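Chain residues, written in single-letter form:
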Amino acid sequence: MQWDIVIGLEIHVQLATKTKIFSGSSTAYGAEPNTQANAVDLAMPGTLPVPNEQAFRYAVMFGLAVNAEIERRSVFERKNYFYPDLPKGYQTTQLERPIVGPGYVDIDLASGETKRVRIHHAHLEEDAGKSLHEDFHGMTGIDLNRAGTPLIEVVTEPDMTSAEEAVAFAKKLHGIVTSLGICDGDMSQGSMRFDVNISLKAKGSETLGTRTETKNLNSFRFMEQAIAHEVERQMDILEDGGTIVQETRLYNGDRDESRSMRTKEEANDYRYFPCPDLLPVEIDDSFIEEARNSLPELPDARKARFMDQYGLNDYDAGLLSGDSKLAAFFEEAVSHGKDAKLTSNWIQGEFSARLNAEEKTVADSPISGAQLGDLVVRIADNTISSAGAKKVFEALWSGENDNVDAIIDAKGLKQVSDTGALEAMVDEVLADMPDQVAQYQNEEDPKKRKKMLGGFMGPLMKASKGQGNPKLFNEILVKKLGG
Amino acid sequence: MHNKSVAELSRELERGEISSVELTQQFLDRIKQEDGRFNSFITLTEEQALADAKAADEQRAAGNATPWTGVPFAHKDIFCTNGVRTTCGSKMLENFVPPYDATVTENFRKAGAVCLGKTNMDEFAMGSSTESSYFGATTNPWGLGEGEKRVPGGSSGGSAAAVAARLVPAATATDTGGSIRQPAALCGITGLKPTYGRVSRYGMIAFASSLDQGGTMARTAEDNALMLNVMAGFDPKDSTSIDRAVPDYTATLNEPLKGLKIGLPKEYFSDQLSPTMEEQVRNAVKEYEKLGATVKEVSLPNAKLAIAAYYVIAPAEASANLSRFDGARYGYRCDDPKDLMDMYTRTRAEGFGTEVKRRILVGTYALSAGYFDAYYLKAQKVRRLIQQDFINAFKEVDVLMSPTSPSPAFVQGEKTNDPVTMYLEDIFTIAVNLAGVPAMSVPAGFVNGLPVGLQIIGDYFSEARLLNAAHQFQQVTDWHQREPQ
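Residues numbered from 1 in each chain as written. Chains lettered and ligands numbered in written order. Predicted model: local features only at pLDDT ≥ 70, side-chain atom pairs only at ≥ 80, totals over all residues.

Caption draft 1: Fine view of the overall build of chain A. Counting its regular elements, chain A contains 15 helices and 15 strands. Relative to the 2.2 N^0.38 estimate, which gives 23 Å for 483 residues, the radius of gyration of chain A is 29 Å and therefore markedly larger than a compact globule would have. In terms of overall dimensions, chain A has a C-alpha envelope of 95 × 55 × 55 Å along the principal axes. (Helix = DSSP H or I, 4+ residues; strand = E, 2+ residues; numbered from the N terminus. Rg over C-alpha atoms; globule rule 2.2 N^0.38 Å.)

Next comes the structure, spelled out in structure tokens:
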């Protein structure tokens, strides 16, 4: 049987405010447990929440960036449940009246198509603390540093039909919130966490199947794997004639396994009601206009500009514009390197490969955009070959030296481009290889002839001690061999 | 000395006729001597009080005194006091020492007042008799002669009894459904519940957040005004407090009442009110007519729905507000929990009293899926109607007057097993909280030797007018000066 996959996402985005959403405690990551939790965060008796205006500003900026309606009046509610990392016994969140209404995001697919994913709403809420189950000998430790960190929860419509689309959306959203500067985007620290709702339906059917929710995925890779895993799990059940249980599941990325966390029947009755400690949030036009005026360039606009300003094609511009840090790196590089296409190739090639291999982000890159740009200049002006360029890149990455030209000199990577000298070398090598020359000249097929040229390059590079400009060698060879 | 008002004590301190240390010591001695009969205090802070009194005397000597500098008073044990245990009348917080002050506490500290201790109350302010306190019931200083002990009302019964028994000249209190006015009435003292948002709730342990309001208790209206001068005002730590200028509430006490328009809500003079109570209240209204006020009947058509709406909204909010008492971070925790669920269930089963548990259950039920619309949402609609009733009434009149409670102080134990009868104690006071308007209770006579309170209700932020009306009444009556034997 053929199946359609239906995917909707819920994304928790930690807002990069300095202090918590309802208290003055710092939100900085990584402090000693419970050193960033004051009386309000600990839910001491009589303490009250005081809203952080910056969180509203960030939520409004987000809403504007995803083409959404901003609700003029939004309401905080209490979501009641008991858990040790939830000090008040309820989470302050929004339900009936969220701050951001319906909107959308367009994503680019590998096929070259653009797809619109609708956003149902986004609401403001506070994060919970953390339960630490290790290192306490059978007991549980509670760290409330994170409790009260502002989040926006973005809820999409079930508009995605594959892991590829879901990941493309997730990356796009990551690019938007980091470009806005409202989230640091550091997924390893939980700054963005994804819940994936998945269901299958018979191909072409209008009726949605029963969905499951896989919670708390904190990397694009795990998200992709978790979707593949869950789709396969559901498909197996359905094809065996079984039924899907509506439930919340947890995915273990390291083992590629998932397990049920709770079924719908076991779900809490959260007994939401409007929080009487907080007045409804009134957002006026001037607040929205102020937020609108403060919006930085967003990925879509940046992509268009990259195509226009640097002559990049759609694909390259899309890749380089999505992540604000990568985009900034590219622009710094191209301001030095001039050749945008070549810069783009290097960023997508060698540079990205190294980052991935070492599980680094652009922010942790040991080489700067300016250095990469300098390297591109030397490739473009034929000072070095691409093989030489890789050696320079290696030296920059390892920190052996931070100056491109100094590395070229030190390693003797400068190409010989003096045509007179190169011609002399070609004459010498051809004189040493009469059989091959004859073979070449007797060959009719231009493809084969082209391939045979390679046979002369080895000796030529050897003769030039690796410093001959391969492109020039090639031109001279063709001329000398008579086309 | 113990019969003197805050205003009088303040003047004596100012004139140097007595020091705060002497005054404080006298009141402390009196509490230690007398409070065994009333149990109006949960915690006495003798050492701290004497240290504060000494500092207050120095402050006076240095010439920067406020009217409160060196004046003794007490806090209801619902206001958090930095370094002094704050129990809210519950086993749950028996040993809880907050590391912060409530804004109200801080304001009195800044004013130089000397807190002698923390007064008894119904557990988590849930009750109308101060019998549900984990620290034992408080006894009303009135009506002790008959060999029967009577309730002081509640939940602020400790503060009311302490003021009535002359153990302190004034005490803070809170009012969610009548918890200032009803005990003030039953103890023959003067109490004021301000407009919702007038006094910060920060550090005041929450019962029902949209209804809770801190207020004042003293024997005279003037002392209530002096207290409100310290307590009222916007607090950035309480988002529901209101940013509005605070007048000097003592400045308008002597305004003449000529032309004051009094409304008598007919719903509050119904069958539920005994004829003897009604007589006292009507006599009080006649005094106002003598002072130049005019009287007319008005209607609060939805008043009869107030109790029902209140007993959905207040428990609903309480059910969430009290979730934080889970044994995890502070307060009571059961012995040897075997797992998380055991810790939660036993901590809460052992730490909360019957009435608190009843209200958590009622509130949880009212908010549950499938019941929310029928209970919580409906109650909120009723609340808006009640609000509108008051808004309409205040288009016609300046203040409303009614009895504060349906009957005088009842005998301890009489209503403890009948929660609904107990809830009806607040039948005249609850609508005020639902609307958020200010109201007072002023001593207005006696029935069978027990005090009767006159409730005066005003429009939003009309505290100055209420205090003015109460003060003028107290210039021509002496009910508020009567002392229990």
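Okay, back to it.
Caption draft 2: Broad picture of the sheet that holds strand S4 (residues 90-94) of chain A. All names here are of chain A. One open sheet accounts for three strands, arranged S4-S3-S14; its pairing is antiparallel. Strand pairing shows two members of the sheet lacking a second neighbour, S4 and strand S14 (273-274), which therefore form its edges. With five bridges joining them, strand S3 (residues 76-80) and S4 adopt antiparallel strand pairing. Opposite Phe 76, over in S4, you have Gln 94 as the bridge partner. (Pairing = 2+ DSSP bridges.)

Caption draft 3: Structural detail: the sheet that holds strand S6 (residues 114-126) of chain A. All names here are of chain A. Pairing in this open sheet of eight strands is mixed, and the strands run S5-S6-S9-S1-S10-S11-S12-S13 from one edge to the other. A single partner strand is all that each edge strand has here, and the edge strands are strand S5 (103-108) and strand S13 (257-263). The sheet shows a mean angle of 30 degrees between the axes of neighbouring strands, direction not considered. As defined by bridge partners, strand S11 (residues 212-217) adjoins strand S12 (residues 247-252) across four bridges and the pair is classed as parallel. The residue bridging Lys 215 from the neighbouring strand is Leu 250, located in S12. The strands touched by helix H3 (residues 220-239) are strand S1 (3-14), strand S10 (192-202), S11, S12 and S13; relative to S10, the strand with the most contacts, the crossing angle is about 25 degrees. (Axes fitted to C-alpha atoms, helices over the stretch in contact; angles between N-to-C directions. Contact = placed C-beta atoms within 7 Å.)

Caption draft 4: Expanded view of the UniProt feature "active site" (unreviewed entry) in chain B. All names here are of chain B. Under the local residue numbering, the UniProt record ascribes the feature "active site" (unreviewed entry) to Lys 76, Ser 155 and Ser 179. Over a stretch of 104 residues, the named residues converge on one spot in the fold, their C-alpha atoms separated by at most 11.2 Å. Position of Lys 76 relative to the elements: it lies in strand S2 (residues 72-76). Other than its neighbours up to four places away in sequence, Lys 76 contacts Thr 119, Met 121, Ser 156, Gly 158, Ser 159, Ala 171, Thr 172, Ala 173 and Thr 174. You can see Ser 155 is positioned in the loop between strand S3 (114-119) and helix H5 (157-164). For Ser 155, a count of 35 C-beta atoms within 10 Å gives the class buried. Beyond its immediate chain neighbours, meaning those up to four positions away, Ser 155 contacts Met 121, Asp 122, Ala 125, Met 126, Gly 127, Thr 130 and Ser 179. (UniProt positions renumbered as here; feature names shortened; annotations may be inferred. Buried ≥ 20, exposed ≤ 12 C-beta atoms within 10 Å, placed from the backbone.)

Caption draft 5: Structural view of the pairing of strand S4 (residues 170-175) of chain B. All names here are of chain B. A large share of S4 lies buried, amounting to six of its six residues. Burial along S4 is two-sided: Ala 170, Thr 172 and Thr 174 facing one way and Ala 171, Ala 173 and Asp 175 facing the other are all buried. One ladder, built from six bridges, connects S4 with strand S6 (residues 213-218); its direction is antiparallel. Looking at S6, one finds that Thr 174 is bridged to Gly 214.

Caption draft 6: Fine view of the domain arrangement of chain A. The domain architecture assigned to chain A consists of domain 1 (3-291), domain 2 (297-411) and domain 3 (419-480). For domain 2 of chain A and domain 3 of chain A, the distance between their C-alpha centres works out to 32 Å. (Domains from an automatic or database assignment.)

Caption draft 7: Here's a closer look at the UniProt feature "domain: Asn/Gln amidotransferase" (unreviewed entry) in chain A. Under the UniProt annotation, "domain: Asn/Gln amidotransferase" (unreviewed entry) lies at residues 328-481 of chain A. Here residues 328-481 of chain A is 73% helix and 0% strand, with 47 Å between the C-alpha atoms at its ends.

Caption draft 8: Here's a closer look at the pairing of strand S5 (residues 190-193) of chain B. Residues and elements named next belong to chain B. Covered by surrounding structure in S5 are Thr 190 and Leu 192 together with Gly 191 and Lys 193, the residues of both alternating faces. Summarising the sheet, S5 and S6 pair through three bridges and their orientation is antiparallel. What sits directly across from Gly 191, in S6, is Met 217. Sheet topology note: the S5/strand S10 (residues 439-447) ladder contains three bridges and is antiparallel.

Caption draft 9: Representation of the confidence of the model for chain B within the structure. Summing up the model confidence of chain B, the mean pLDDT is 97 and the portion of residues at 70 or higher is 100%. ipTM for the predicted complex: 0.96, alongside a pTM of 0.90. (pLDDT = per-residue confidence, 0-100.)

Caption draft 10: Structural detail: unusual backbone geometry. Cis geometry is adopted by the peptide bond preceding Ser 155 of chain B, which originates at Gly 154 of chain B and carries an omega value of 10 degrees. Of note, the phi angle at Asn 34 of chain A is positive, near 65 degrees, even though the residue is not glycine. Considering the arrangement of structural elements, one finds Asn 34 of chain A in the loop between S1 and helix H1 (53-65). The class for Asn 34 of chain A is partly exposed, based on 16 C-beta atoms found within 10 Å. In this model, Asn 382 of chain A sits at a positive phi of 70 degrees, which is unusual for a non-glycine residue. Here Asn 382 of chain A lies in the loop between helix H9 (369-380) and helix H10 (386-398). Given 14 C-beta atoms within 10 Å, Asn 382 of chain A falls into the partly exposed group.

Caption draft 11: Summary view of helix H7 (residues 221-231) of chain B. The buried count for H7 of chain B comes to eleven of eleven residues, which makes it a mostly enclosed element. Immediately beyond the C-terminal end of H7 of chain B, within one or two residues, lies Gly 233 of chain B, with a positive phi of roughly 140 degrees.

Caption draft 12: Up close: the interface of chain A and chain B. The interface of chain A with chain B comprises 26 residues on the first partner and 36 residues on the second. For the side of chain A that touches chain B, the class distribution of residues is 18 nonpolar, three polar and five charged. (Nonpolar A, V, L, I, M, F, W, Y, C, P; charged D, E, K, R; others polar.)

Caption draft 13: Broad picture of the packing of H1 of chain A against helix H2 (residues 163-180) of chain A. Residues and elements named next belong to chain A. Across the interface, H1 lies against H2 with an axial gap of 10 Å and an inter-helix angle of 130 degrees. One way to sum up the angle between H1 and H2 is to call them oblique. Here H1 and H2 pass one another in a crossing that is right-handed. Seen from H1, the contacting residues are Met 61, Phe 62 and Ala 65; seen from H2, they are Ile 176, Val 177 and Leu 180. Here the residues of the contact of H1 with H2 are counted per class, giving six nonpolar, no polar and no charged. (Parallel < 35°, antiparallel > 145°, perpendicular 65-115°, else oblique. Left-handed = near helix turned anticlockwise from the far one by under 90°.)

Caption draft 14: Main features of the nonpolar core. Counting residues in each nonpolar core, the largest one holds 205 residues, and the members touching the most others are Ala 59 and Phe 62 of chain A together with Ile 456 of chain B. Trp 346, Ile 347, Leu 372 and Leu 375 of chain A belong to the second largest nonpolar core, which has 30 residues in total. (Core = buried A, V, L, I, M, F, W, Y, C linked by C-beta atoms within 7 Å.)

Caption draft 15: Molecular detail of the environment of Asp 269 of chain A. Within the fold, Asp 269 of chain A resides in the loop between S13 and S14. Sequence separation between Asp 269 of chain A and Asn 80 of chain A is 189 residues, and the spatial gap between their C-alpha atoms is 8.0 Å. What Asp 269 of chain A contacts, discounting residues up to four positions off in sequence, is Ser 368 and Ala 369 of chain B.

Caption draft 16: Expanded view of the environment of Gly 253 of chain A. Residue and element names in this part refer to chain A. Inspection of the secondary structure puts Gly 253 in the loop between S12 and S13. Spatially, the C-alpha atom of Gly 253 lies 26 Å from that of Thr 149, the residues being 104 residues apart in sequence. Once residues within four sequence positions are removed from consideration, Gly 253 is found in contact with Phe 222 and Gln 225.

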